[in-house]
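A look at the structure
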Amino acid sequence: MIYLVLAGVLFVIGLHGLFVARHLLRKILSLNVLSAAVFLFLVALARQAEPLDSVPHAIVLTGIVVSVSTTAVALALLVRLSRPRGNNAAPAGKESR
Amino acid sequence: MIQPESLVVLLVGLPLLGAILTFVYPRAATAVTAACAAGMLGAASGVAYAVMVGGGWSQDLGGWAPPLGIGWQVDGLSASLLLLTAIVGSAGAAHRAVEGLDQPFFWPLWLFLWGALNALFLGADLFNLYVALEVLALAAVALIAMAGGGALPAAWRYLLASLLGSTVYLMGVALLYGRYGALDLGLIAGALEPDLPSALGAGLICLGLLLKAAVFPLHFWLPSAHGRAPTVVSAALSALVVAAAWYLLVRLWFGPFAGLQGPGPDWLFGLIGTGAMLWGGLLALVQRRLKMLIAYSTVSQLGFGLLVIPLAVGAGAESAWRGAVVLVLAHGLAKAGLFLAAGSIARAHGHDRLDALGGMGAGVVLPWLALVLAGASLIGLPPSGGFLGKWWMLQGALAAGGWVWVAAILLGTLLTAVYVFRMLSVVIRPAAPVPPAGGGGLPGALPAFVLALLALGLGLAAPVLEHLLSGDAMTGGPA
Amino acid sequence: MLVFDALLAGALIWLAWQATHTPGLFRSVISFIVFGLLMALAWVRLEAPDIALAEAAIGAGATGALLLSALGRLAVTHEAGTPWQERPDLYFWIPAGAALLGLLTLAAWALPTPGLGDDVRRVLPDSGVANPVTAVLLNIRAFDTLLEIGVLLLATIAIWSLGRMPMPSAPAVRSPALTALGRVLFPMFVLVSAYLLWRGSHAPGGAFPAGAVVGAGGILSILAGAQPWLTGGVRGPWRILLSLGFATMLAVAWGVMALGQPFFAYPPGLAGLIVLVLELAAGLSIAMSLVALYLAGQPPDHWGPEAARR
């Protein structure tokens, strides 16, 4: 149960970070915290089930791989964005959402 | 005769196989894509025909029945959207092939997008749908970013909004799984009770999808992403990707979440839809660039689709349901045609600023013609698909006595007419000198023209559409 | 044990806050990596050792390396003032966050969590493996895994489509210790992952952690200055190898249809073999894709001296 509440707290922290962070890298970190919260929630549910439920485990493993892929794409895009190139409108670091 | 079940497998497997081939052998990319497109047009038509003849069906993947396994479901709604995807996907690929840009990674990304869309329209498993949504988002982001420059921030915003949407969606899925121990739509539909975890789970899922569908007021990311992406990508995003999120929302709302329906959520969705219709229409009016105008029009047209939620209950439900689906189909065809035509015009002129574009003249006749025809369908002039959709929706609304929604639809149509006329007022200007073959010539504009014709002719297919969509009125398919 | 759980939860919350809300991007990234490592502990406490292995290798290891290398390549890494706006946002966020947390907790409290543990256990003998997580991943819900391996390939293509990889691939300042470490460690990473893969059919382990460990090892050896032999051109085996896992899964999904089975349904008796093949394919994909993702762009067509200097 403590982990379910923990997942909730992390969810809110990630959400808040995503919305208010200024630097784009921080937004990526917030998104990762957010998805970690969801994964934690799923596995904590699996722990409560009787007997131990392995479907959420498989789901979370899939989710972790998907999440690292999206993070990698986001980071590659971020690096391209942050290079000053001509009148590229939005330099990283100062960005409206 | 080929089993329709194997046609469905083809619809998901073929684009994914094509994605691998075009990545490994980029030299054969156009040939592979053409083969895939032909296969998918055939398979999607076959599936639609099978649904018309024998009704929808569901199939289990890997021989594992839900709740353990993953299921696919096919009904009139999914079959018609699969067909729309095949048509727009092929037309976009043809347009791209004529453009002849040297970006070899376009093809695998395009096919991944296509495969993800097909998987989405078939999926009947909440988590599988999540993975398909992620494939869709990643492919779309990379495709938007291909335009370079100003498209990169747009791609970034799209990526962020999309990832937030899918994470929120997954949280909702987790809640529903904890409540019912199932991910299958049909099983959840059968077990749903209106309690707190279900409502919260459904709420989070809908919120995530609204964000992905760029529904007002969560539309902030859409116009720049759709307006700045490469032409064919804009077409696919506006016609298909947004429709996919709408589809999922409607599929869930009338399927597993049907037990949560009530006046409260109905009004909420109705107001959101009306807001989108008006706000998107007003902003489309003040745009200075052709592609941005079309992009804002997507926000507004999506509002019409969302009105299905308050309308498809009670009396007149079936008509409203059919109307909304046809409207989304017609919008997909017309919007893809608009974007492709706008792309041809912009290439011919070297820009797409509305105040400086020349009228219909040598070299850009066909694109402008496509723009006119697609615009007519967007407004809803008979006999277009847009007319048929709005007609059926209005019939449904009148039967249910939903005067507010009738007024909203009419007001939205008026706005659509105004911004489409603003766009078309350029046609009657004197033609500007256009460099010969600057717009890719005739073949470049042909896909746009075909799409516009299809959007216009969709209204004539009313009996077919009625038959196709009659089997699954609002039940979200075989439960 | 409750005390331990509470401490762990407290530490995780503190680290998450550090990662998302306190000044200093470098510190935030390090906090996030530590957060990932502690999450692995949480997974162990929740009896999910498979996820713990994957989290340590992917969540903390590979993601951490990605974040650090991106941080090194960013043009703007300073943040003006506090990392988040101090406007009266808080008047909205404190009640909204509390309400969301309250709703989530209330809902979680009411969840009956029926779970599918019994169902999985019942069909486990037919699945071809003894580890239920592997059975779900590579047999029962194999279509999810197919799409997931597709995401890995797609992410690689997406990153390549953004442009050539930024050079150099390793940090400018190399520590000799890291170089030596990288050389020694890589074979060990391969050994560990082979063990994990072998274990995976009957105990925690399997393709995911195994692939992740090899991938992390590959990233480490690049960090240590080894040449990332992965090339981006059409010639050479790398495009085929990168797609191999996805292609194998697709081939199996279709191949069984030739044997008269439905899509993705393994013929009885062959299930064990098929799962093993898919494990190898998935593991290979994960390992290679992680290295490709780390390079953050399309590698050059040849790794000659001129490529390294560019």
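Residues numbered from 1 in each chain as written. Chains lettered and ligands numbered in written order. Predicted model: local features only at pLDDT ≥ 70, side-chain atom pairs only at ≥ 80, totals over all residues. Heavy atoms only, no water.

1. Some words on the overall build of chain C
Using the following cut-off: Numbering of helices and strands starts at the N terminus; helices are DSSP runs of H or I of at least 4 residues and strands are runs of E of at least 2. The classification of residues rests on relative accessible area computed with a 1.4 Å probe and restricted to protein chains. Under 20% of the type maximum is buried, over 50% is exposed, and intermediate values are partly exposed. Only heavy atoms enter the contact rule, under which two residues are in contact if any of them lie within 4.5 Å. Method for areas: the Shrake-Rupley scheme with a 1.4 Å probe, in which residue coverage is limited to the protein chains shown.
Helices and strands together make up the secondary structure of chain C, namely 12 helices and zero strands. In chain C, the order of α-helices and β-strands from amino to carboxyl end is α-α-α-α-α-α-α-α-α-α-α-α. Residues counted as buried form 55% of the 310 residues belonging to chain C. Of the contacts made within chain C by residues no fewer than 6 positions apart, 74% connect residues no fewer than 24 positions apart. Surface exposure of chain C reaches about 12800 Å², of which carbon and sulfur atoms provide 71%.

2. Description of the overall build of chain B
The condition that has to hold: The globule rule used here is 2.2 Å times the number of residues to the 0.38 power, and the radius of gyration it is set against is calculated over C-alpha atoms. The charged-residue count follows a simple rule in which Lys and Arg add positive charge and Asp and Glu add negative charge, with His and chain termini not counted at all. Every charge is mapped to an atom, namely NZ of Lys, CZ of Arg, CG of Asp or CD of Glu.
For chain B, the count of helices and strands is 19 helices and two strands. Compactness check: chain B gives a C-alpha radius of gyration of 21 Å against a globular reference of 23 Å for 479 residues, within 12% of the reference. Projected onto its principal axes, the C-alpha coordinates of chain B cover approximately 65 × 55 × 45 Å. By residue count, 69% of the 479 residues in chain B fall in the buried class. At a minimum sequence separation of 6, the contacts of chain B that also span at least 24 residues come to 80%. Roughly 13700 Å² of accessible area belongs to chain B as shown, and the carbon and sulfur atoms make up 70% of that amount. Of note, chain B has its 17 positive side-chain charges centred 19 Å away from the centre of its 16 negative side-chain charges.

3. Remarks on the domain arrangement of chain C
Think of interface size as the accessible area that goes away when the parts come together; that is how it is often given. Residues and elements named next belong to chain C. Note the following rule: Domain boundaries shown here were taken from an automatic or database domain assignment. When two components associate, each loses some accessible surface as probed by a 1.4 Å sphere; the sum of these losses over both components is called the buried area. For this analysis, a salt bridge means a side-chain nitrogen from Lys or Arg found within 4 Å of a carboxyl oxygen belonging to Asp or Glu. Two N or O atoms count as a polar contact when they lie within 3.5 Å, although within protein this holds only if one can serve as hydrogen donor and the other as acceptor, and sequence-adjacent residues are included solely when both atoms are side-chain atoms. Think of it as three bins: nonpolar holds Ala, Val, Leu, Ile, Met, Phe, Trp, Tyr, Cys and Pro, charged holds Asp, Glu, Lys and Arg, and polar takes everything else, Gly as well.
Taken as a whole, chain C is organised into domain 1 (1-74 + 83-114) and domain 2 (116-310). The interface is formed by 12 residues belonging to domain 1 together with 19 residues belonging to domain 2. Taken together, the two surfaces of domain 1 and domain 2 that pack against each other cover about 1100 Å², and 72% of this comes from carbon and sulfur. Of all residues in domain 1, Asp50, Leu53 and Arg73 bury the most surface against domain 2, accounting for 44% of the area lost on that side. Where domain 1 packs against domain 2, one counts zero salt bridges. For the interface between domain 1 and domain 2, the tally reads zero residue pairs in polar contact (both at pLDDT 80 or more). Its residues placed into classes, the side of domain 1 that touches domain 2 shows nine nonpolar, one polar and two charged.

4. Focus on the side chain of Thr63(C)
On the secondary structure map, Thr63(C) appears in helix H3 (residues 49-73). Under the relative-accessibility criterion, Thr63(C) is labelled buried at 4%. Setting aside its immediate chain neighbours within four residues, Thr63(C) contacts Val68(A), Thr71(A), Phe32(C) and Ile58(C).

5. Considerations on the confidence of the model for chain B
In plain terms, the rule: One number per residue, pLDDT, summarises how confident the predictor is, and it ranges from 0 to 100.
On average, residues of chain B score 89 in pLDDT, and 95% of them are at 70 or above. Confidence over residues 475-479 of chain B falls short of pLDDT 50; this stretch has 13 contacts with residues more than four positions distant or in other chains.

6. Quick look at a nonpolar patch on the surface
Note the cut-off: Note that patches include only residues with greater than 30% relative accessible area and no salt bridge, and the join distances are 9 Å for like charges and 5 Å for nonpolar side chains (Val, Leu, Ile, Met, Phe, Trp, Tyr).
Side chains of Leu17(B), Leu21(B), Tyr25(B), Ile240(C), Leu244(C) and Leu284(C) sit close together on the surface and give an oily, nonpolar patch of about 470 Å² of accessible area. When residues of the nonpolar patch are traced back to their parent elements, those giving at least two are helix H1 (4-24) of chain B together with helix H10 (238-258) of chain C. Looking at where Leu17(B) falls in the secondary structure, it is placed in helix H1.

7. Focus: the pairing of strand E2 (residues 71-74) of chain B
Residue and element names in this part refer to chain B. Our working rule: Only strands joined by at least two bridges in the DSSP assignment are considered to pair.
Burial along E2 is two-sided: Gly71 and Gln73 and Trp72 and Val74, pointing in opposite directions, are all buried. Relative to E2, strand E1 (residues 57-60) runs antiparallel, the two sharing four bridges. Within E2, the position partnered with Gln59 by the bridge is Trp72.

8. Side note on the packing of helix H14 (residues 317-349) of chain B against helix H15 (residues 365-379) of chain B
What describes two packed helices is the angle between their axes and the distance between those same axes. Residue and element names in this part refer to chain B. Just so we agree on the cut-off: Interaxial angle, 0 to 180 degrees, is taken between N-to-C directions of lines fitted to C-alpha atoms, where a helix line uses only the stretch in contact. In this scheme, roughly parallel covers angles under 35 degrees and roughly antiparallel covers those over 145, while 65 to 115 is roughly perpendicular and the rest are oblique. Helix crossings get a hand from a simple test, with the near helix turned counterclockwise from the far one by less than a right angle marking a left-handed crossing and a clockwise turn marking a right-handed one.
Where H14 contacts H15, the two axes come as close as 8 Å, and the packing angle between them is 155°. What the angle tells us is that H14 and H15 run roughly antiparallel. The element H14 and its partner H15 pack so that their crossing is left-handed. Residues Ala330, His331, Ala334, Lys335, Leu338, Ala341, Ala342, Ser344 and Ile345 of H14 form the contact with H15, whose participating residues are Pro367, Trp368, Ala370, Leu371, Ala374, Gly375, Ser377 and Leu378. Residue composition of the contact of H14 with H15, grouped by class: 12 nonpolar, four polar and one charged.

9. Some points on the interface of chain C and chain B
In this complex, chain C contributes 46 residues to the contact, which on the side of chain B involves 48 residues. Where chain C packs against chain B, one counts one salt bridge. The salt bridge partner of Asp125(B) is Arg141(C), with a shortest N-O separation of 2.7 Å. On inspection of chain C and its partner chain B, the count reaches five residue pairs in polar contact (both at pLDDT 80 or more).

10. Quick notes on the side chain of Ser224(B)
Residue and element names in this part refer to chain B. Residue placement: Ser224 occurs in helix H9 (residues 222-228). By relative accessible area, which is 12% here, Ser224 ends up buried. Discounting residues that sit within four places of it in the chain, Ser224 has contacts with Ala154, Arg157, Ala229 and Met292.

11. Quick look at the interface of chain A and chain C
Contact with chain A, which involves 65 residues of that partner, is made by 88 residues of chain C. Buried area between chain A and chain C, both sides added, is near 6700 Å², and the carbon and sulfur share of it is 78%. Between the two partners, chain A and chain C, sit one salt bridge. On the surface where chain A and chain C come into contact, there are 12 residue pairs in polar contact (both at pLDDT 80 or more).

12. Some details on the layout of surface pockets
The cut-off we apply is this: Definitions used for this entry: grid spacing 1 Å over protein atoms alone; cavity, a set of points where a 1.4 Å probe fits but cannot get out; pocket, an open set with protein on both sides within 12 Å along at least 5 of 7 lines; lining residue, one with an atom within 4 Å of a point. Grid points are joined across faces, edges and corners, and a volume is the space filled by probe spheres set on the points.
The volume enclosed by the largest pocket comes to roughly 980 Å³. For the largest pocket, the lining is made up of 37 residues, of which Val168(B), Leu204(B), Leu207(B), Gly208(B) and Leu218(B) are closest to its centre. Elements with a minimum of two residues in the lining of the largest pocket: helix H1 (2-20) of chain A, helix H6 (151-180), helix H8 (196-212) and helix H11 (263-285) of chain B together with helix H4 (89-110) of chain C. Broken down by element, the residue count for the lining of the largest pocket peaks at nine residues, all from H8(B). Its residues placed into classes, the lining of the largest pocket shows 32 nonpolar, three polar and two charged.

13. Notes on the packing of aromatic side chains
Note the cut-off: Here a pair means two rings of Phe, Tyr or Trp (six-membered ring of Trp) with centres within 6.5 Å. Their orientation is stacked below 30 degrees between planes, edge-to-face above 60, and tilted elsewhere. Should the NZ of a Lys or the CZ of an Arg lie within 6 Å of a ring centre and within 35 degrees of the ring normal, that charge is described as sitting over the ring.
The tally for this structure, following the rule as stated, stands at 19 aromatic pairs over all chains. Pairing Phe23(B) with Phe105(B) gives two aromatic rings, centres 6.4 Å apart and planes at 35°, and the pair type is tilted. Of this pair, Phe23(B) sits in helix H1 while Phe105(B) sits in the loop between helix H3 (76-99) and helix H4 (106-122), and the two are 82 residues apart along the sequence. With respect to class, Phe23(B) is no different from Phe105(B); both count as buried. Of the aromatic side chains, those joined through ring pairs into one cluster are Trp72(B), Phe143(C), Phe263(C), Phe264(C) and Tyr266(C). Lying over the aromatic face of Phe106(B), Arg96(B) brings its terminal NZ or CZ to 4.1 Å of the ring centre. The ring of Phe304(B) is capped by Lys390(B), whose NZ or CZ atom sits 4.6 Å from the centre of that ring.

14. As for the packing of helix H9 (residues 207-223) of chain C against helix H11 (residues 271-295) of chain C
Residues and elements named next belong to chain C. Interhelical geometry of H9 versus H11 gives an angle of 30° and a closest axis separation of 7 Å. As far as their axial angle goes, H11 and H9 are roughly parallel. Crossing handedness for the pair H9 and H11: right-handed. Of the residues in H11, those touching H9 at Ala207, Phe208, Gly211, Ala212, Val214, Gly215, Gly218, Ile219, Ile222 and Leu223 are Glu279, Ala282, Gly283, Ile286, Ala287, Leu290, Val291, Tyr294 and Leu295. Tallied by class, the residues present in the contact of H9 with H11 amount to 14 nonpolar, four polar and one charged.

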